[in-house]
Each structure stands twice: as structure tokens, then as C-alpha cells.
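Descriptive structure summary
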Amino acid sequence: MTDKTSNQMWGGRFAAGPDAIMEAINASISFDKRMAAQDIAGSRAHAAMLAATGIVSDSDAAAMREGLLTVLSEIEAGEFQFSTALEDIHMNVEARLKDLIGAPAGRLHTGRSRNDQVATDFRLWVRDQLDAVDQALQALMRALLAQAEAGADWVMPGFTHLQTAQPVTWGHHMMAYVEMFGRDLSRVRDARARMNECPLGAAALAGTSFPIDRDMTAEALGFDRPCANSLDAVSDRDFALEFLGAASICAMHLSRFAEELVIWSSAQFRFVALSDRFSTGSSIMPQKKNPDAAELIRAKVGRIFGANVALMMVMKGLPLAYSKDMQEDKEQVFDAADNLMLALAAMEGMVRDMAARRENLEAAAGSGFSTATDLADWLVRVLDMPFREAHHVTGALVAKAEAKGCDLPDLSLSEMQEVHGEITAAVYDVLGVHNSVASRVSYGGTAPAQVRAQVARWKERLG
Ligand code: ARG
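Below or above, wherever it landed, is the structure these notes cover.

Definitions and cut-offs
- Each chain has its residues counted from 1, running along the sequence as written.
- This being a predicted model, a pLDDT of at least 70 is required before a residue's local features are given, and a value of 80 or more before pairs of side-chain atoms are given or counted; all residues contribute to the totals for chains, interfaces and linings.
- Remark: hydrogens and water are excluded; side-chain values derive from all non-hydrogen atoms of the structure.
- Helix numbers and strand numbers start at the N terminus; a helix is a DSSP run of H or I with at least 4 residues, a strand a run of E with at least 2.
- All radius of gyration figures rest on C-alpha atoms, and the globule criterion is 2.2 Å times the number of residues raised to 0.38.
- Whether two residues touch is decided by their heavy atoms; if any such pair falls within 4.5 Å, the residues are in contact.
- Burial here depends on accessible area, computed with a 1.4 Å probe over protein chains only, as a share of the maximum for the residue type. Under 20% is buried, over 50% is exposed, and the range in between is partly exposed.
- By the counting scheme adopted, Arg and Lys are positive, Glu and Asp are negative, and His together with the chain ends is not counted.
- Within this document, salt bridges are pairs made up of a side-chain nitrogen of Lys or Arg and a carboxyl oxygen of Asp or Glu, the two lying within 4 Å of each other.
- Here, proximity means that at least one heavy atom of the residue falls within 4 Å of the molecule or strand.
- Shrake-Rupley sampling with a 1.4 Å probe provides the accessible areas, and residues are treated as covered by the protein chains on show and by no other component.
- What is meant by a nonpolar core is a set of buried Ala, Val, Leu, Ile, Met, Phe, Trp, Tyr and Cys residues, joined one to another through side-chain atoms within 4.5 Å.
- Strands are labelled as partners when DSSP assigns at least two bridges between them.
- Aromatic rings from Phe, Tyr and Trp, with only the six-membered ring used for Trp, were paired whenever their centres fell within 6.5 Å, and each pair was classed as stacked if the ring planes differed by under 30 degrees, edge-to-face if by over 60, and tilted otherwise.
- Here, a charge over a ring is recorded when the distance from Lys NZ or Arg CZ to the ring centre is within 6 Å and its angle to the ring normal is within 35 degrees.
- Lines fitted to C-alpha atoms define the axes here, with helix axes fitted over just the stretch in contact, and angles between the N-to-C directions of these axes take values from 0 to 180 degrees.
- Geometric relationships in this document are graded by angle, where less than 35 degrees denotes roughly parallel, more than 145 denotes roughly antiparallel, 65 to 115 denotes roughly perpendicular, and other angles denote oblique.
- By definition, any crossing whose near helix is turned counterclockwise from its far helix by less than a right angle is left-handed, and any crossing with a clockwise turn is right-handed.
- The classification used treats Ala, Val, Leu, Ile, Met, Phe, Trp, Tyr, Cys and Pro as nonpolar, Asp, Glu, Lys and Arg as charged, and all other residues, Gly among them, as polar.

What follows covers the overall build of the chain. From N to C terminus, the chain includes 19 helices and six strands. Relative to its length of 463 residues, the chain is extended, with a C-alpha radius of gyration of 31 Å against a globular reference of 23 Å. In terms of overall dimensions, the chain has C-alpha extents of about 105 × 50 × 40 Å along its principal axes. Of all intrachain contacts in the chain linking residues separated by at least 6 positions in sequence, the fraction that spans at least 24 positions is 74%.

Tracing the backbone through its elements, the reader meets A139 in helix α6 (residues 114-150). Those residues within four positions of A139 in sequence are excluded, and the remaining contacts are E348 and R352.

We now examine the side chain of E260. As for its position among the elements, E260 is in helix α10 (residues 238-264). Summary of buried charges: E260 has no salt-bridge partner, and the nearest side chain of opposite charge, R256, is 7.3 Å away. Leave out the neighbours within four places in its chain, and E260 touches H173 and Y177.

As a further point, take the site of the ligand. Residues in contact with the ligand, as listed here, are S28, D32, D88, H90, R114, N115, V118, Y322, Q327 and K330. Within the complex, the protein chains bury 87% of what would otherwise be the 340 Å² of accessible surface of the ligand. If you tally residues by element for the shell around the ligand, the top one is α6, at three residues.

Core analysis: the largest hydrophobic core is formed by 101 residues, its most contacted members being W170, L254, W264 and M347. No other element matches α10, which puts 15 residues into this core. Discounting chain neighbours no more than four positions away, the residues touching M347 are L140, L254, F257, A258, L261 and I297. One finds A372, V398, C406 and M416 within the second-largest nonpolar core, a separate group that totals 21 residues.

With six bridges connecting them, strand β1 (residues 155-160) and strand β2 (residues 163-169) associate as antiparallel partners. Looking at the pairing, V155 lines up with T169 of β2. A loop of two residues connects β1 with β2, the two strands running antiparallel in sequence, and H161 in this loop sits at a positive phi of about 55°.

As for its position among the elements, D60 is in helix α4 (residues 58-76). Not counting residues up to four positions away in its chain, the partners in contact with D60 are P104 and R107.

This structure, assessed with the given rule, holds 10 aromatic pairs. Geometrically, the ring pair formed by Y177 and F257 is stacked, given 4.2 Å between the ring centres and 25° between the ring planes. Of this pair, Y177 sits in helix α7 (residues 170-195) while F257 sits in helix α10, placing them 80 residues apart in sequence. Aromatic pair F269 and F271: ring centres 5.1 Å apart, planes at 75°, arrangement edge-to-face. Under the relative-accessibility criterion, F269 is labelled partly exposed at 26%. Judged by relative accessible area, F271 falls into the buried class, the value being 3%. Here a set of aromatic residues connected by ring pairs shows up, and it is made of F159, W170, W264, F269 and F271. Sitting over the ring of F334, R34 keeps its end group 4.9 Å from the ring centre. A cation sits over an aromatic face here: R461 above W458, 4.2 Å from the ring centre.

This brings us to unusual backbone geometry. Cis rather than trans, the peptide bond between L320 and A321 has omega equal to 0°. Locating A321 in the fold gives a position in the loop between α11 (292-315) and α12 (329-353). The backbone of R270 shows a phi angle near 50°, a positive value even though the residue is not glycine. Within the fold, R270 resides in the loop between α10 and β5 (272-273). Of note in this structure, F369 is not a glycine but carries a positive phi near 55°. With respect to the helices and strands, the residue F369 is situated in the loop between α13 (358-366) and α14 (372-383).

Here we take up the packing of α6 against helix α19 (residues 448-462). Contact geometry of α6 with α19 gives a least axis separation of 10 Å together with a crossing angle of 155°. The orientation of α6 with respect to α19, classified from their angle, is roughly antiparallel. Judged by the sense of rotation from one axis to the other, the crossing of α6 with α19 is left-handed. Facing α6, whose interface residues are Q138, M141, R142, L145, A148 and E149, α19 presents V451, V455, W458, K459 and L462. Split into classes, the residues belonging to the contact of α6 with α19 amount to seven nonpolar, one polar and three charged.

Okay, structure coming up:
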């Protein structure tokens, strides 16, 4: 005898309904309702295939497909009553379909299982996110390209160890991030190409004895092909891990850039002015303009990489095929996706609005003996000095300037000649920051001509 409180989908062998705690730990509807559109798309494709293969009648399939559209519109309109007792989105949708169309709804699950159903829904959801991240990355890269183009020849200090190293151009610094986000873009595209196989029809784990057409459902859902192994199809979550991996690296890039914006916008640096639109004030200190958006972007990598680690730990050691552990995949991915999209959009907005303080950048570019390497190179080139000796002579000149409290170009020729008698006035040409950056014409170097070439290359690639 079946208790009427037992589950209507699988209550046949159950005498009683679940304990309240069981329901609470088991149900996923509170979060997997986000996959409603994907679930319904998958079911509609499955219904069409069941009719095309003669497994169900055309009229039953038509009723299912029509009814599923009604369910979707109810969900989109916010009118749908989600039920925790029905566990997840799959059973919620199917139960409502039964209310709407009656008996034919019971045929929808022929030749499939929730295991291949959830794997399909989640792939479709992750694929949509990969596409959204793709767009958001391109938008951010375009904002960076605009900055790089405007400031291809603006000079600023380049740092190593956050100590002034050599002058670079603003455009070159912006283009470094274009390269980084460009790699993120290629990771997203690689992941998409690899994950675009359809699990539907793998059924519970072993495939099905019904004469289903997996190519048909795969094609209807925009997949390149069906997954080739039914066990793998239902137990694979690599696509989610690759998404989280790519998202983690992208969030790490965003975090590094955000940190630079925090430093650059500080009163000590004053390299950039961030717009009011992406800053906040202080409730107590009237003078403050805080780079909160940048700080939050800097932090997002924590939860995104956390999600990556969490899902990795969920999947580790799971035997084939499906285990309920895998239901823990979604919240991590949803949270990471939401926060990555938010961080990308906020960064794009900040970059678009950001104003480089050109004079401050240029003044800082010349301080800290930033052209010392140019001086050493000049000694090598003009006086034919071995580089090691040139390094030593330059070091002595830096010490002299430091003792005098001035920069290298402020030393007089006679002061320079006290260190090395063959130095001529021509040396001053290489001590200016503009000459310094203009001279770095090696491929990928900071010279404005190189920066402009890279801007043009990326513009063409992004189309
Ligand atoms: N809500 C489940 C999940 O997200 C759906 C699959 C359930 N499959 C099962 N055999 N209980 O993983």
C-alpha cells in the first residue's frame, strides 16, 4: 500500500513520505529553479524526438510540447507554485505538466532519467554563461583598447617589486590586461567547444532500450554531438569545473587590475581619477572618495576560486555514475557566475570612466632613476663598454644623484664625467622618459609604435 504522502514520481515502493529534515537536505528546487528554461528546452526536444521515433504519438508529443510552453510562461510570469516536496525543477515542471495536460505527461520521461536530464540542463546553463562571459570580456577589452589608444604615448613608471623600474607607456600597461583578458576569452571558448556534447538519452546510466535518436535531441539543443558514453555523460561535471577554472583565472586577473586601481587612485599616487559612478564616500571623513568597486572586484576571486575548490572536492573520489553529491554542483557555479559577471561589468564601467592623470604619470615616470637602464645601455652602445661595467658606472651615477637629492638628468656633465671621463652631453638624450619609451621598439615592447600595432591587432581580432 502506498501512503498518499509518498512521492508521486517515485512513490511506488515507498510506504511513507520523507522526514522534514530529509526533505530539507534533499530538495534542490530553491536553487535549481534557475534552470527552468533549460529544463523545458530539454524536455521539449525530448518530446519531439519521442514522436519522431514513434515512441509516443504525435498528439501526445504535441500536447507535451505545448504544455511545457505554458509551464515556462507561468514560471516567467512568476505565477508558478514551486514545491519543495517535488524536490527539484525536473519534478516540479513534470508535475505541473500533468496538471495541465493529464495522462500524456506521464510519457515524457520515457527513455530518460533525471540523471541525464540534470546533466543536460546544467550544461545548457553553463554554456549560456560561457557565452555571457565571452561578451562581457569583449566589452571590457574594448574599454581597455580605448584607454590604450588614447594613451599610447603617455609615459608612466613601470614597476617591478612595486619599485620604479623603467618608464613604460600607459597604452602598454592597458594592453597587458588586454592580453590577460584575451587569454581568458580563449579559455572560455575552448571550454565551450569541449563541453558542447549532449548527455540527454544516457538515461539513468546505461542508455535505454527505446529506439531514441540522440543526434536529434543533441542537434535541437545546439550541441555538436551526443556524449559517447552514457556512464560518463551522467557523471561528468568537467564542464562546470572548466567554467570555474576559467572564471577563477579571470577573477584573479580582475583582482590584480583592481589592486592597481586602488593604488593608482590613492592620494599618494594620484595616477588616475575614478569616476563618482564607481566610488563611494565616507560617512565620517568628508574628503574621502573610496574605490569600493575596485576593492570588491579585488575580493571576488576569493569566492569564485572557493567555488572551484568546493566543486573539485565534491567530485573527488565519486564512483561512477551519478551520485546525489553532484547536486552540490549548482550553487557554487551559480554564485561564481553571478559574481564574475558583476565584476566584469563593474570593471568595464570603471575602465570606461577612468581618467588617467597624465602629468602625474609623467612626473612619476621620471623619478626613481627610472632611466638608469637607458644610461647603462648608452654606455654600452656609444662607449662600447661591457654591460657589467656599464651597470657599475651607472650605479655610481645613481648614488651621486641620490646624494645630491636629484634625478639622473639633473646631474651636470662635469658631475657625470667625474664618474666616467668619456661621457658626453649626448647622454642626456636617453635620460628623458619619452626618449626612453620611444627607444623600446623590440616586438612587444613599450614604444608607442608597438602599442599602436598591438591595439590594431586586437581590434581586428575582436572585430
Ligand atoms: N536534483 C538532482 C541534481 O541536481 C537531479 C538528479 C536526481 N537524480 C537522482 N537519481 N536522484 O542532481
